[in-house]
Amino acid sequence: AHINITNQNKNSELVFRSAPIIKTQNDEWVAPFIDKTIPNVYLPIRGGKNKAEGYNFIHKKYLDNEYAKKLFTQLELKTPDEFDYIRNIVLGKYEGEEFEIDDNILISDFEVLLNFYQKVLNTNREDEFIQLLKDKLYLVGTDHILYRPNELILETKMLKEYFAGDRESIFFDLYFYRKQIH
């Protein structure tokens, strides 16, 4: 079998990008991508741990095959980077409807997210990162319950007065995160 794709834009349109065609190190068959751009499987990390929880790595047997390596290159598969770590590991903890997360982990995760945001601020990744946070992140409200960002109100003196007595409106618990926001 020979695969020849000359136009890079075609790569994101390939039908098999969403078909379970790649075997992972856990002996599972998965699609290369979750959607057109989010990897579902990664090339191994050189000299690193390739059994990391939260990542699917390509099975070693396929990495030794010249045609398979060419396919992986044309599919634009890559090793995980810091953005992948945030999407898979940090924000992966917040998936599902019910989960419990220790306060120290919430603070630690917030610090990771804040540090990465400072790196991508005013770059081409800023909007993508903000959208990811909107979709995946939960934040602590003043009632000590986790909410999506769009469900919380940022507390200001004027908004606090406006919503005084309104038990339905929940404010973002800035005090909880204060240590990380110097």
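Student: Just give me the short version of helix α5 (residues 103–120), but keep the residues and values in it.
Tutor: With 18 residues, α5 should cover 26 Å at 1.5 Å per step; its first-to-last C-alpha distance of 26 Å lies within 8% of that length. L106, I107, D109, F110, L113, F116 and V120 are the residues of α5 that are buried. Two to three positions downstream of the cap, the backbone nitrogen of N104 sits 2.9 Å from a side-chain oxygen, assigning the N-cap of α5 to D102. Positive backbone phi, approximately 65°, marks N122, located one or two places after α5.

Student: Give me the layout of surface pockets: which residues, what numbers.
Tutor: Roughly 460 Å³ of internal volume is contained in the largest pocket. Contributing to the lining of the largest pocket are 14 residues, with F110, L133, L137, L139 and P149 lying nearest its centre. Of all the secondary structure elements, the ones that give two or more residues to the lining of the largest pocket are α5 and α6 (126–136). By residue number, the principal contributor to the lining of the largest pocket is α5, which donates 4 residues. The class makeup of the residues in the lining of the largest pocket is 13 nonpolar, no polar and 1 charged. Looking at the second largest pocket, its volume works out to about 340 Å³. Considering the residues around the second largest pocket, the lining is formed by 19 residues, among which I34, I38, R87, L132 and K136 are closest to the centre.

Student: Describe the nonpolar core, and please don't skip the residues or the numbers.
Tutor: Among the nonpolar cores identified, the biggest contains 25 residues, and I86, L91, L113, F129, L139 and Y177 are the most heavily contacted of them. Within the residue set of this core, elements represented by two or more residues are α4 (82–90), α5, α6, β3 (139–140) and α8 (174–177). The contact partners of I86, leaving out residues within four places of it in the chain, are L91, G92, V112, L113, F116, F129 and L132.

Analysis parameters
Residues numbered from 1 in each chain as written. Predicted model: local features only at pLDDT ≥ 70, side-chain atom pairs only at ≥ 80, totals over all residues. Heavy atoms only, no water. Helix = DSSP H or I, 4+ residues; strand = E, 2+ residues; numbered from the N terminus. Expected span 1.5 Å × (residues − 1). Buried < 20%, exposed > 50% of the residue type's maximum accessible area, 1.4 Å probe, protein only. Polar contact = N/O pair within 3.5 Å; in protein donor to acceptor, adjacent residues only side chain to side chain. 1 Å grid on protein atoms, 1.4 Å probe; cavity = no way out; pocket = protein on both sides within 12 Å on 5 of 7 lines; lining within 4 Å. Points joined across faces, edges and corners; volume = space filled by probe spheres on them. Nonpolar A, V, L, I, M, F, W, Y, C, P; charged D, E, K, R; others polar. Core = buried A, V, L, I, M, F, W, Y, C linked by side-chain atoms within 4.5 Å. Contact = heavy atoms within 4.5 Å.

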